[in-house]
Amino acid sequence: MFADAYRGRKVLVTGHTGFKGSWLTAWLLQLGAEVAGLSVDVPTSPANFDEMGLGARITDIRADIRDRAAVCKAVADFAPEVVFHLAAQALVRKSYDDPAATIEANAMGTLNILEAVRCAPSVQAVVCITSDKCYRNDEWVWGYRETDHLGGEDPYSASKGCAEIIAHSYFRSFFRNGVRCATTRAGNVIGGGDWAADRIVPDCARAWAEGKAVQIRSPWATRPWQHVLEPLSGYLWLGAKLLLNEQGPFPLSGEAYNFGPAADVNNNVAEVVDALAPYWPGFASEMDRAGQAGMKECTLLKLCCDKSLAYLGWQATLNFAETIRFTAEWYRAFYAPQGAARPDMYAFTMNQIAEYSDKAAAKGLAWAK
């Protein structure tokens, strides 16, 4: 898979203790990479990073992405060949509580990683992960393309737009004839092992595991929901092509790429809750009618992924029902019924990666051949 590009390679993942970062770290281990992770802490309890025991399987570096000296030292010491930059403050509502820290982590953190890469001769490729919220959202019904305007009204979205601009500047100024660099933007990601606050799936899992009704915020908000393995397969395939310096008819380095589900997968929050409910007998939910005064959060957001299909041969593997099944089965395994033994979550996660990969191979997707 991924042209076997990662076997024996040294890979640095920033934000490896987070939801997406922990899944990416596990997949890289399966692919035979030597992985180091850089994060300031483990962001939640429980955490997917801890439940899979990843700390004992990799080089675990604790540093604040806002500390340029520490970041530069970590990159110089580990000497990675490829970097996946995911470390970020990832919550819109939290960005209203602490906008300065959000912008420092997301914009200046990206600057610090790229500055460290600029000074590190070992690095051949960098994939910077931002967000679909980097786009200026005009609430239109068609998907945003990589050439659409960047920006956002909330601090989180603004910080991600800044990160994109910084990455583009470094590519044009320093990496054009050296390090190969690209940015990626993904829609709302769900899957097992996410315990972040104010996200609908973790909120459901926590509430239903405790026999409580889940409070639904903005049930009408529509998002392009996708399983965490979908964008990760895109990041890994893009990283492999950059690492191998493939020269094709389309540009890869210096470009931005969207990764999202099929165009017809665009469900609202209430539909996600309804789809998850059968996996938790006796579930209950309540609509939060209080509102969030002063906090603007987009109600409609979707991506056009035609560029990733044309340039990378990438497209989503799972449909909405499969996305929900993968997600619900992970949480059901973790919250084992009383008296039942919880399975090895590292093995369970690896099995889901294998099943996902098999589905992609059956569909003839380029990265899974």
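Rules and cut-offs
Residues numbered from 1 in each chain as written. Predicted model: local features only at pLDDT ≥ 70, side-chain atom pairs only at ≥ 80, totals over all residues. Heavy atoms only, no water. Helix = DSSP H or I, 4+ residues; strand = E, 2+ residues; numbered from the N terminus. Salt bridge = Lys/Arg side-chain N within 4 Å of Asp/Glu carboxyl O. Buried < 20%, exposed > 50% of the residue type's maximum accessible area, 1.4 Å probe, protein only. Contact = heavy atoms within 4.5 Å. Polar contact = N/O pair within 3.5 Å; in protein donor to acceptor, adjacent residues only side chain to side chain. Phe/Tyr/Trp six-rings, centres within 6.5 Å; stacked < 30°, edge-to-face > 60°. Expected span 1.5 Å × (residues − 1). Axes fitted to C-alpha atoms, helices over the stretch in contact; angles between N-to-C directions. Parallel < 35°, antiparallel > 145°, perpendicular 65-115°, else oblique. Left-handed = near helix turned anticlockwise from the far one by under 90°.

**Student:** Sorry if this is basic, but what is going on with the environment of Leu91 here?
**Tutor:** As for its placement among the helices and strands, Leu91 is situated in the loop between strand 4 (82-85) and helix 4 (92-97). Taking the C-alpha atoms as reference points, Leu91 and Gly193, 102 residues apart in sequence, are found 16 Å from one another.

**Student:** Looking at this structure, I do not really get the pattern of salt bridges. What am I missing?
**Tutor:** For the structure on display, the rule yields 18 salt bridges. Between Asp4 and Arg7 there is a salt bridge whose closest N-O contact spans 3.0 Å. Overall, Asp4 belongs to the partly exposed group, its relative accessible area being 43%. For Arg7, a relative accessible area of 52% puts it in the exposed group. A salt bridge links Arg93 to Asp198; the shortest N-O distance between them is 2.8 Å. Linking Arg93 in helix 4 with Asp198 in the loop between strand 7 (189-190) and helix 7 (200-209), this pair joins segments that are 105 residues apart in sequence. Connected through shared salt-bridge partners, Asp64, Arg66 and Glu104 make up one network.

**Student:** Even after reading the chapter, I still don't get the environment of Thr14, so can you show me in this structure?
**Tutor:** With respect to the element layout, Thr14 can be found in strand 1 (residues 10-14). Along the sequence, Thr14 and Phe84 sit 70 residues apart, while their C-alpha atoms lie 6.4 Å from each other. Residues within four places of Thr14 in sequence aside, it is in contact with Leu38, Phe84, His85, Leu86, Ala87 and Ile113. Within the local environment of Thr14, its side chain forms a polar contact with the backbone nitrogen of Leu86, the two atoms lying 2.9 Å apart.

**Student:** Explain the packing of aromatic side chains to me, please; I cannot follow it from the model alone.
**Tutor:** Given two aromatic rings, one states the distance between the centres and the angle between the planes to describe the pair. A complete count under the given rule lists 19 aromatic pairs for this structure. Centre to centre, the rings of Tyr6 and Phe84 are 6.1 Å apart; their planes meet at 45 degrees, and the pair counts as tilted. Of this pair, Tyr6 sits in the segment before strand 1 while Phe84 is found in strand 4, placing the two residues 78 residues apart along the sequence. Note on Tyr6: relative accessible area 1%, which makes it buried. When its relative accessible area of 0% is taken as the criterion, Phe84 is described as buried. Here the aromatic rings of Phe334 and Tyr335 are separated by 4.9 Å at their centres, their planes lie at 85 degrees, and the arrangement is edge-to-face. Look at Phe334 and you get buried, because its relative accessible area is 4%. By the ring-pair criterion, three or more aromatic residues cluster together here, those being Trp195, Trp330, Tyr331, Phe334 and Tyr335.

**Student:** Explain the side chain of Ser39 to me, please; I cannot follow it from the model alone.
**Tutor:** Considering the arrangement of structural elements, one finds Ser39 in strand 2 (residues 34-39). Accessibility expressed as a relative area gives 5% for Ser39, which makes it buried. Side-chain polar atoms of Ser39 contact the backbone nitrogen of Gly15, separated by 3.4 Å. In this structure the side chain of Ser39 is engaged in a polar contact, spanning 3.3 Å, whose partner is the side chain of Thr17. Aside from chain neighbours lying at most four places away, what touches Ser39 is Gly15, His16, Thr17, Ile61, Arg62 and Ala63.

**Student:** I tried to follow the side chain of Thr110 on my own but got confused; where do I start?
**Tutor:** Structurally, the position occupied by Thr110 is in helix 5 (residues 99-118). The buried category is assigned to Thr110, whose relative accessible area is 4%. There is a polar contact of 2.8 Å between the side chain of Thr110 and the backbone oxygen of Asn106. Residues within four places of Thr110 in sequence aside, it is in contact with His85, Ala105 and Ala163.

**Student:** When you look at helix 11 (residues 320-334) in this model, what are you seeing that I'm missing?
**Tutor:** Each full turn of the α-helix corresponds to 3.6 residues, which orients residues three or four apart in the same direction. Over its 15 residues, helix 11 extends 22 Å from the first C-alpha to the last, a length consistent with the 21 Å expected when each residue adds 1.5 Å. Counting buried residues in helix 11 gives twelve out of 15 residues, a clear majority hidden from the surface. Buried within helix 11 are the following residues: Phe320, Glu322, Thr323, Ile324, Arg325, Phe326, Thr327, Ala328, Trp330, Tyr331, Ala333 and Phe334. Where helix 11 begins, one side-chain oxygen reaches toward the backbone nitrogen of Ala321, 3.2 Å away; that side chain belongs to Asn319.

**Student:** Which parts of the structure should I look at to understand the packing of helix 1 (residues 19-30) against helix 8 (residues 229-243)?
**Tutor:** In a packed pair of helices, the relevant descriptors are the angle between the two axes and the axis-to-axis distance. Their axes nearest at 10 Å, the elements helix 1 and helix 8 cross at an angle of 55 degrees. Viewed along their axes, helix 1 and helix 8 adopt a mutual orientation that is oblique. The two elements helix 1 and helix 8 cross, and the hand of that crossing is right-handed. Together, Lys20, Trp23, Leu24, Trp27 and Leu28 of helix 1 and Leu229, Leu232, Ser233, Tyr235 and Leu236 of helix 8 make up the contact between the two elements.

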